[in-house]
Amino acid sequence: MEDIYLDKNENPFNIPEKIRKEFIKYIKEANFNRYPEKGLPELLNKLAGLTGFSSENLIAANGSDELLDMLIEHADGDIIISSPTFEMYSFYARNYGHRAIDIPLRPDFSINADEILKHKEAKLIVICSPNNPTGNLIDRSSMEKILDSGIATLLDNAYYEFSGEDYTDLLAKYKNLIILRTFSKAYSLAGMRIGYGIGNVEFISELRKLQAPFYMNILSAKIAEIMVDNYGLIGENIKYIVKERDRVYNEIKEMAYPSSANFLLLKKDLYAYMEERGIHIRKLPLLKDKSRITIGTEKENNRVIDAIKEYVKK
Ligand code: PMP
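Since the structure is predicted, the reported quantities are computational estimates derived from the model, not experimental observations.

Colleague: Any chance you could explain the pattern of salt bridges here in plain terms?
Modeller: Pairs can form between side chains of opposite charge whenever their charged atoms are close. What the rule picks out here adds up to 26 salt bridges. For Lys145, the salt bridge goes to Asp114, with nearest N and O atoms at 2.9 Å. With Lys145 in helix 6 (residues 140-147) and Asp114 in helix 5 (residues 113-116), the pair connects residues that are 31 residues apart, well separated along the chain. Owing to a relative accessible area of 40%, Lys145 belongs among the partly exposed residues under this scheme. Put simply, Arg245 and Asp246 hold a salt bridge, and the shortest N to O gap is 3.1 Å. Among the residues examined, Arg245 registers a relative accessible area of 7% and is labelled buried. Judged by relative accessible area, Asp246 falls into the partly exposed class, the value being 34%. A cluster of three or more residues bridged by salt bridges with shared partners is formed by Glu276, Arg277, Glu310 and Lys314.

Colleague: Even after reading the chapter, I still don't get the environment of Leu264, so can you show me in this structure?
Modeller: Tracing the sequence through the fold places Leu264 in strand 9 (residues 263-266). The class for Leu264 is buried, based on a relative accessible area of 0%. Sequence separation of Leu264 and Ser291 is 27 residues, and the distance between their C-alpha atoms is 8.6 Å. Excluding its chain neighbours within four sequence positions, the residues that come into contact with Leu264 are Arg245, Val248, Tyr249, Ile252, Ala256, Tyr257, Ser259, Ser291, Arg292, Ile293 and Ile295.

Colleague: Honestly, the environment of Glu298 in this entry has me stumped. Any pointers?
Modeller: Within the secondary structure, Glu298 sits in helix 12 (residues 298-313). Look past the residues within four positions of Glu298 in its chain and what remains in contact with it is Tyr240, Glu244 and Arg247.

Colleague: Teacher, can you tell me more about the sheet that holds strand 12 (residues 291-294) here?
Modeller: Picture the strands of a sheet paired through backbone hydrogen bonds; they go either parallel or antiparallel. Overall, antiparallel pairing links the three strands, which are arranged 9-12-11 in an open sheet. At either end of the open sheet lies a strand with only one pairing partner, and these are strand 9 and strand 11 (282-283). Note that strand 9 and strand 12 share four bridges and pair antiparallel. Counterpart to Phe263 in the pairing with strand 12 is Thr294.

Colleague: Even after reading the chapter, I still don't get the nonpolar core, so can you show me in this structure?
Modeller: Where a protein is soluble and globular, its nonpolar side chains tend to be buried together. Ranked by size, the top nonpolar core spans 79 residues in total, and within it Leu43, Phe183, Met274, Ile279 and Ile293 carry the most contacts. The element best represented in this core is helix 9 (residues 218-229), accounting for six residues. Residue contributions to this core reach at least three from each of two domains, namely domain 1 (4-13 + 232-313) and domain 2 (17-229). If we ignore the near neighbours within four places in the chain, the residues touching Ile293 are Leu6, Phe263, Leu264, Leu266, Met274, Ile279, Ile281 and Val304. Leu68, Met70, Cys128 and Ile204 belong to the second largest nonpolar core, which has 22 residues in total.

Colleague: Just checking my understanding: could you explain the packing of helix 1 (residues 17-29) against helix 9 for this structure?
Modeller: When two helices pack together, their arrangement is given by the angle between the helix axes and the distance between those axes. At a minimum axis separation of 10 Å, helix 1 and helix 9 run at an interaxial angle of 140 degrees. By the angle between their directions, the pair helix 1 and helix 9 is classed as oblique. Note that helix 1 runs across helix 9; the crossing there is right-handed. Note on element contacts: helix 9 touches helix 1 through Ile218, Leu219, Lys222, Ile223, Ile226 and Met227, opposite Ile19, Glu22, Phe23, Tyr26 and Ile27.

Colleague: Help me understand the packing of helix 2 (residues 41-51) against helix 9, please; the structure alone is not making it clear to me.
Modeller: Contact geometry of helix 2 with helix 9 gives a least axis separation of 9 Å together with a crossing angle of 25 degrees. Taken as axis vectors, helix 2 and helix 9 run roughly parallel relative to one another. The way helix 2 lies across helix 9 gives a crossing that is left-handed. Taken together, the residues of helix 9 that come into contact with helix 2 (itself represented by Glu42, Leu43, Lys46 and Leu50) are Ala221, Ala224, Glu225, Val228 and Asp229. Each residue belonging to the contact of helix 2 with helix 9 can be placed in one class, and the counts come to five nonpolar, no polar and four charged.

Colleague: Which parts of the structure should I look at to understand the pairing of strand 5 (residues 124-128)?
Modeller: Walk down a regular strand and you will see the side chains alternate between the two sheet faces. By the criterion of burial, strand 5 is predominantly enclosed, with five of the five residues buried. By the alternation rule, side chains of strand 5 split into Leu124, Val126 and Cys128 and Ile125 and Ile127, which are all buried. Note: strand 3 (residues 79-81) against strand 5, two bridges, orientation parallel. Following the sheet pairing, Ile79 is matched in strand 5 by Leu124. Alignment of strand 5 against strand 6 (residues 153-156), held across four bridges, turns out to be parallel. Of the residues in strand 6, the one forming a bridge with Cys128 is Asp156. At this point the chain moves from strand 5, through helix 6, to the parallel strand 6, and the crossover so formed is right-handed.

Colleague: I keep staring at the site of the ligand and nothing clicks. Help me out?
Modeller: The environment of the ligand is made up of 13 residues, and the closest members are Ser64, Asp156, Tyr159, Thr182 and Ser184. Asp156 places a polar side-chain atom, nitrogen or oxygen, 2.6 Å from a nitrogen atom of the ligand. At 2.6 Å from an oxygen atom of the ligand is found a side-chain nitrogen or oxygen belonging to Ser184. Coverage of the ligand by the protein amounts to 92% of the 400 Å² it exposes when considered alone.

Conventions we followed
Residues numbered from 1 in each chain as written. Predicted model: local features only at pLDDT ≥ 70, side-chain atom pairs only at ≥ 80, totals over all residues. Heavy atoms only, no water. Salt bridge = Lys/Arg side-chain N within 4 Å of Asp/Glu carboxyl O. Helix = DSSP H or I, 4+ residues; strand = E, 2+ residues; numbered from the N terminus. Buried < 20%, exposed > 50% of the residue type's maximum accessible area, 1.4 Å probe, protein only. Contact = heavy atoms within 4.5 Å. Pairing = 2+ DSSP bridges. Core = buried A, V, L, I, M, F, W, Y, C linked by side-chain atoms within 4.5 Å. Domains from an automatic or database assignment. Axes fitted to C-alpha atoms, helices over the stretch in contact; angles between N-to-C directions. Parallel < 35°, antiparallel > 145°, perpendicular 65-115°, else oblique. Left-handed = near helix turned anticlockwise from the far one by under 90°. Nonpolar A, V, L, I, M, F, W, Y, C, P; charged D, E, K, R; others polar. Right-handed = clockwise from strand over helix to strand, strands pointing away. Near = heavy atom within 4 Å. Polar contact = N/O pair within 3.5 Å; in protein donor to acceptor, adjacent residues only side chain to side chain. Areas by Shrake-Rupley, 256 points an atom, 1.4 Å probe, with all protein chains shown as cover.

No statement about biological role is implied by the geometric values presented.
Put into structure tokens, the structure is as follows:
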């Protein structure tokens, strides 16, 4: 049996054929000798259409990773994270010599706003919702409590499309908030490295000052634009993944936590067990007794369900 890769929260589907065709047509005619248009206004316009925000509220970059990197580099002091969470936050903090103060999630994976707010000296609070690797959403009332502090707050919303929870209304009230999203998950474009941020005009314009005028290559920008124009095509894939996530969860409930993303946190470290069966999942350095599995195609998920049921039976 072929190996299956469910370790990086990627989309199991490649891009729709129509999008590939339009992209190839563009490549045939593209002026590779020219720099991209300064600031990539067309990409920002498309993102404006997608999000309902004005292009002044938007910043695009090479993956949301690059925006995380910029925000953490320029935080100018301590950042707060809530583990277990996406490891790149503390990676960037370390790179720039900032302290990452960890206020762990509670045992039910809820965020501990009161503890976070004791750290008035913090320069940036990082919240991940749905959180990777736990899969849960962070509740709005805690989020608002944190935002009321006035400290710059980054909401990493990479799995937004699978969650049904939109936090962008908070931007009207909170000028200290920036929401990051990505084309790597729901849009099947992990290989093209496209992410974007939504925030208040002042926050975004400060961030843009740190960015080079030709910040992204023309191919990534173009494929993102084509994707936005064809949003309906990826909507079907998102629905499929959400349905499969809920199906897999219901089948292996005793071994997994509920999730609002495209992956499940498993209650045991099944890395070696699954590896033996050709199913590659994610080992978790911060949660050694657990592991994380991405939702794949129906066929892949059936293999996962069978393997986990067999594990439970033993
Ligand atoms: N944030 C979270 C929570 C993630 O899980 C990931 C990808 N694993 C990213 C950001 C990075 O996404 P991108 O591909 O846009 O850099």
